[in-house]
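The lines below spell out each chain.
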Amino acid sequence: MLKGDAYRIPISIETAEGAATPESFADVEVCIGRSVRKTLSEGEITYDTERALFLIPITQEETFALGMRSRINIRCKYAGGDVVGIDLGILEFEPSLSREVI
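Criteria and cut-off values
- Residues numbered from 1 in each chain as written.
- Predicted model: local features only at pLDDT ≥ 70, side-chain atom pairs only at ≥ 80, totals over all residues.
- Heavy atoms only, no water.
- Helix = DSSP H or I, 4+ residues; strand = E, 2+ residues; numbered from the N terminus.
- Contact = heavy atoms within 4.5 Å.
- Buried < 20%, exposed > 50% of the residue type's maximum accessible area, 1.4 Å probe, protein only.
- Pairing = 2+ DSSP bridges.
- Axes fitted to C-alpha atoms, helices over the stretch in contact; angles between N-to-C directions.

1. Digging into the side chain of Thr15
- Its location among the elements puts Thr15 in strand S2 (residues 14-15).
- The contacts of Thr15, once residues within four sequence positions are left out, are Ala20, Phe25 and Tyr78.

Below, the structure written as structure tokens:
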């Protein structure tokens, strides 16, 4: 991924019952670095039923603002109130020759 890229990051979430859907949770939160936060409840995270993937949009401005290596975390809130989080590792960016949003 280059700094300045914009696309939807696909994430698969599994529960004890198998592949999760938006109905599996009261909310889902994804944080990338300290500057990007997206939630299912606010409509920022969408779901691709065909591929069974949650899609997290990230803009050019957001990738420009992130460091070269940014940690990505996900937290899932269940209907009963339990919140379970997991660290998905490091998202690495390559430098871009351009700093322009196109």
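2. Description of the pairing of strand S7 (residues 53-58)
- The buried count for S7 comes to five of six residues, which makes it a mostly enclosed element.
- Sheet topology places strand S1 (residues 7-11) next to S7; five bridges connect them, and they run antiparallel. Looking at the pairing, Arg8 lines up with Pro57 of S7.
- Looking at chain direction, strand S6 (residues 46-48) and S7 are connected through three bridges and run antiparallel. For Tyr47, the partnering residue across the bridge sits in S7 and is Phe54.
- Between the end of S6 and the start of S7, which pair antiparallel, lie four residues, with Ala52 showing a positive phi angle near 55°.

3. Thoughts on the sheet that holds strand S8 (residues 69-77)
- One open sheet holds the four strands; their spatial order is S5-S4-S8-S9, and the pairing between them is antiparallel. Two strands lie at the open edges of the sheet, namely strand S5 (36-39) and strand S9 (83-92), each paired on one side alone. Averaged over all pairs of adjacent strands, the angle between their axes in this sheet comes to 15°, without regard to strand direction.
- Relative to S5, strand S4 (residues 27-32) runs antiparallel, the two sharing four bridges. By the bridge assignment, Glu29 is partnered in S5 with Thr39.

4. Re the sheet that holds S1
- The sheet built from three strands is open, its strands ordered S1-S7-S6 with antiparallel pairing. Here the strands that pair on one side only, and so sit at the sheet edges, are S1 and S6. When the angles between neighbouring strand axes are averaged without regard to direction, this sheet yields 40°.

By themselves, these are just geometric observations and shouldn't be taken as functional.
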